[in-house]
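Take a look at the letters that make up each chain.
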Amino acid sequence: MKTRQKWGMISLAVLLLIGFGSHHIPELSHENMPSYVILIYLIFLCCAAFAALYEKKNFEGKVWDFNPKRGFLFFCIGFLIFPIIAAIDALFGADLSLEGMIIFTLAGSTFVGVLGIFTDHVGV
């Protein structure tokens, strides 16, 4: 068994245990769940997704395609998409403040813009 598959199985087991615990242990209910349990859950969720979705690729040409124009384009598209996502969340009852929306938009757009600089040949 490969290391990636082991991590995937361990991650799945931890996710199942947290789900079982949140259902049967009153201290771990969804309303009272401590922040460290949520952090552990998110870390192992990312590990499980990586183990399930990662695929080695054989790159023919150069691996890194540095293109700042594409990164700027993705950044601008993020400025259009992330406020729409925040507005949809607000329609469904999420607490929305102007400060939170600005931080969400800036952080998301910056992340997408940086990813856009390198995405042509890296398999993202």
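See the structure printed just above.
Given the structure is predicted, the values throughout are model-derived calculations rather than measurements.

Colleague: How should the overall build of the protein chain be read in this particular structure?
Modeller: Per the secondary structure count, the protein chain includes four helices and zero strands. Listed by position from the N terminus, the elements making up the protein chain come as α-α-α-α. For the protein chain, buried positions account for 20% of its 124 residues. At a minimum sequence separation of 6, the contacts of the protein chain that also span at least 24 residues come to 70%. Accessible surface, the protein chain as shown: approximately 9600 Å² in total, 71% of it carbon and sulfur.

Colleague: Is there a simple way to explain helix H1 (residues 3-24) in this structure?
Modeller: Along an α-helix, a turn takes 3.6 residues, which lines up residues three or four apart on a common side. Taking 1.5 Å as the rise per residue, H1 with 22 residues should run 32 Å; its terminal C-alpha atoms sit 31 Å apart, in good agreement. Among the residues of H1, those classed as buried are Gly 8, Ser 11, Leu 15, Ile 18, Gly 21 and Ser 22. One side of H1 carries all its buried residues, which in axial view fall inside an arc of 160 degrees. Of the exposed residues in H1, the ones pointing more than 90 degrees away from its buried face are Met 9, Leu 16, Leu 17, Phe 20 and His 23. Close packing links the buried residues of H1 with helix H2 (35-53).

Colleague: Teacher, can you tell me more about the side chain of Arg 70 here?
Modeller: Secondary-structure assignment places Arg 70 in helix H3 (residues 68-91). Under the relative-accessibility criterion, Arg 70 is labelled buried at 16%. One polar contact links the side chain of Arg 70 to the main-chain carbonyl oxygen of Gly 116, over a distance of 2.8 Å.

Colleague: Explanation requested: the packing of H3 against helix H4 (residues 98-118) in the structure shown.
Modeller: Each packed pair of helices is defined by two parameters, the angle between the axes and the distance between the axes. At a minimum axis separation of 7 Å, H3 and H4 run at an interaxial angle of 150 degrees. In terms of orientation, H3 lies roughly antiparallel with respect to H4. Relative to H4, H3 is oriented so that their crossing is right-handed. Contact with H3, carried on its side by Pro 68, Arg 70, Gly 71, Phe 74, Phe 75, Gly 78, Phe 79, Phe 82, Pro 83, Ile 85 and Ala 86, involves Met 101, Phe 104, Thr 105, Leu 106, Gly 108, Ser 109, Thr 110, Val 112, Gly 113, Gly 116, Ile 117 and Phe 118 of H4 and no other residues of that element. Among the residues making up the contact of H3 with H4, the classes are represented as 14 nonpolar, eight polar and one charged.

Colleague: In this structure, what is going on with the packing of aromatic side chains? I would like to understand it.
Modeller: Any aromatic ring pair is given by two values, namely how distant the centres are and how the planes are angled relative to each other. Tallying each qualifying case throughout the model produces two aromatic pairs. A centroid spacing of 5.1 Å and a plane angle of 70 degrees characterise the contact between Phe 75 and Phe 79, whose relative ring orientation is edge-to-face. One end of the pair, Phe 75, and the other, Phe 79, are both in helix H3, four residues apart, so they sit about a helical turn from each other. Judged by relative accessible area, Phe 75 falls into the partly exposed class, the value being 26%. Judged by relative accessible area, Phe 79 falls into the partly exposed class, the value being 36%. Between the aromatic rings of Phe 82 and Phe 104, the centroid separation amounts to 5.4 Å while the plane-to-plane angle is 85 degrees, which identifies the pairing as edge-to-face. In this pair, Phe 82 is assigned in helix H3 and Phe 104 in helix H4, connecting sequence segments 22 residues apart. You can call Phe 82 buried: its relative accessible area is 15%.

Colleague: Teacher, can you tell me more about the environment of Ile 43 here?
Modeller: Its place among the elements puts Ile 43 in helix H2. Its relative accessible area of 44% is what places Ile 43 among the partly exposed residues.

Criteria and thresholds
Residues numbered from 1 in each chain as written. Predicted model: local features only at pLDDT ≥ 70, side-chain atom pairs only at ≥ 80, totals over all residues. Heavy atoms only, no water. Helix = DSSP H or I, 4+ residues; strand = E, 2+ residues; numbered from the N terminus. Buried < 20%, exposed > 50% of the residue type's maximum accessible area, 1.4 Å probe, protein only. Contact = heavy atoms within 4.5 Å. Areas by Shrake-Rupley, 256 points an atom, 1.4 Å probe, with all protein chains shown as cover. Expected span 1.5 Å × (residues − 1). Arc of directions from axis to C-beta. Polar contact = N/O pair within 3.5 Å; in protein donor to acceptor, adjacent residues only side chain to side chain. Axes fitted to C-alpha atoms, helices over the stretch in contact; angles between N-to-C directions. Parallel < 35°, antiparallel > 145°, perpendicular 65-115°, else oblique. Left-handed = near helix turned anticlockwise from the far one by under 90°. Nonpolar A, V, L, I, M, F, W, Y, C, P; charged D, E, K, R; others polar. Phe/Tyr/Trp six-rings, centres within 6.5 Å; stacked < 30°, edge-to-face > 60°.

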